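An overview of the molecular structure
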Amino acid sequence: MVLRREPTARQVRLGAELRRLREAAGFTAIEAAALLGVNRVQITQIESGLSGVSEQRVRRLASHYACTDDQFIDALVAMATDRTRGWWEEYRGLLPTSFLDLSELEHHARFQRHVAILYVPGLLQTEDYSRAVFSSRLPELTGEELELRIQHRKARQRSTTPYEAVIHEAALRIRVSGRATSRAQLVRLCELSEAEHVTVRVIPFDLDGFASASSTMTYLGGPLPKLDTVVRDALHGTAFIDHEAQLDTYRTSFRKVEGASLDPGLSRDFIHRLAKEL
């Protein structure tokens, strides 16, 4: 079988889940290989996402690992047999792989949640706002790279997956460009907050005793809670977090942030007032 040169985040996740099942069952890679009649290297390649795995083999491994969660096994099978070639594939080789991985995860997500501290979330940005944000990146992007990122972001915005954004007032007030761009962005936020699949909440500066909104995060709901993913951006690149203990921490964090924010109606009024100030 031809090995993948660059497995996607979803393919890597499938392999990681199979490895976790194996380790929880107390099997070594050599023992798992014997169950399938393959060598240890092939098991390692499957568990790293470098090699695909059939439905039959996923179910056989799950059975040997004594996994009795049928819904979980079915979800792994769906990941293993998915042959979707999404719109994001047209950007392969043109944009960093993390951009494509995020698009694929968003495509399969049941819901999305976002906490924004410094910038309006990408899925809610106007084109001018996106252009200003991307233009500030270091090292500087070429004109072609800039346009590719903007077009990719606009394509992501076509999603109708249930989406909830909790945005700190700092992100609403920071002017990534001129006054007109900021005002247009706030007006657009008000419009999007009316969409059936979008919920926007605001954390105002004058909220007393609140320190939970200290970092940005994107939370993507998988087919089952244990297959959720948290996406974090850092200077060294994008991190995809999927360990259950970490996921539970981020779930708790989001609940605290959400609980301390204004309700959607008051948030819309708040954004509208900021737009009028401009």
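Scroll up to find the structure this text is about.
Residues numbered from 1 in each chain as written. Predicted model: local features only at pLDDT ≥ 70, side-chain atom pairs only at ≥ 80, totals over all residues. Heavy atoms only, no water.

With respect to the overall build of the protein
In terms of helices and strands, the protein carries 12 helices and six strands. Going through the 278 residues of the protein one by one, you find that 46% of them count as buried. For the protein, the share of sequence-separated contacts (at least 6 apart) that also reach a separation of at least 24 residues comes to 73%. Within the structure as shown, the protein displays about 14,500 Å² of accessible surface, and the carbon and sulfur contribution to it stands at 50%. (Helix = DSSP H or I, 4+ residues; strand = E, 2+ residues; numbered from the N terminus. Buried < 20%, exposed > 50% of the residue type's maximum accessible area, 1.4 Å probe, protein only. Contact = heavy atoms within 4.5 Å. Areas by Shrake-Rupley, 256 points an atom, 1.4 Å probe, with all protein chains shown as cover.)

Quick notes on the pattern of salt bridges
The full count for this structure, using the stated rule, is 23 salt bridges. As a salt-bridge pair, Arg131 and Glu127 come within 3.1 Å of each other at their nearest N and O atoms. Separated by four residues within a single helix, Arg131 and Glu127 lie in helix 7 (residues 127-135), roughly one turn from each other. On the accessibility criterion, Arg131 (25% relative accessible area) is partly exposed. Residue Glu127 is classed as partly exposed on the basis of its relative accessible area, which comes to 33%. Note that Glu169 is salt-bridged to Arg173, the shortest N-O span being 2.5 Å. You can see Glu169 and its partner Arg173 sitting in helix 9 (residues 169-173), four residues apart, about one turn around the helix. For Glu169, a relative accessible area of 7% gives the class buried. (Salt bridge = Lys/Arg side-chain N within 4 Å of Asp/Glu carboxyl O.)

A short note on the environment of Ser130
Along the polypeptide, Ser130 turns up in helix 7. Dropping the residues within four chain positions of it, Ser130 is found in contact with Gln125 and Arg153.

Concerning unusual backbone geometry
A cis geometry characterises the amide bond from Leu138 onward to Pro139, with omega recorded as -5°. Its location among the elements puts Pro139 in the loop between helix 7 and helix 8 (143-156). Phi at Ala66 takes a positive value of approximately 60°, unusual for a residue other than glycine. Looking at where Ala66 falls in the secondary structure, it is placed in the loop between helix 4 (55-64) and helix 5 (70-81). Its relative accessible area of 61% is what places Ala66 among the exposed residues.

Points about the pairing of strand 5 (residues 229-234)
Two faces, one strand: in a regular strand the side chains alternate between the faces of the sheet. Across three bridges, the pairing between strand 4 (residues 217-220) and strand 5 is antiparallel. Along strand 5, the bridge assignment pairs Leu220 with Thr229. (Pairing = 2+ DSSP bridges.)

Overview of a nonpolar patch on the surface
A surface patch of nonpolar side chains, about 260 Å² in accessible area, is lined by Leu118, Tyr119 and Ile174. Within the secondary structure layout, Leu118 lies in the loop between strand 1 (112-116) and helix 7. The class for Leu118 is partly exposed, based on a relative accessible area of 47%. (Patch = residues over 30% accessible without salt bridge, like charges linked within 9 Å, V, L, I, M, F, W, Y side chains within 5 Å.)

Things to note about the packing of helix 6 (residues 97-108) against helix 8
Where helix 6 contacts helix 8, the axes come no closer than 11 Å and their chain directions differ by 10°. Of the possible angle classes, the one that applies to helix 6 and helix 8 is roughly parallel. When helix 6 is examined against helix 8, the residues Phe99, Leu102, Ser103 and Glu106 are found in contact with a partner set consisting of Arg149, His152 and Arg156. Taken together, the residues that form the contact of helix 6 with helix 8 break down as two nonpolar, two polar and three charged. (Axes fitted to C-alpha atoms, helices over the stretch in contact; angles between N-to-C directions. Parallel < 35°, antiparallel > 145°, perpendicular 65-115°, else oblique. Nonpolar A, V, L, I, M, F, W, Y, C, P; charged D, E, K, R; others polar.)

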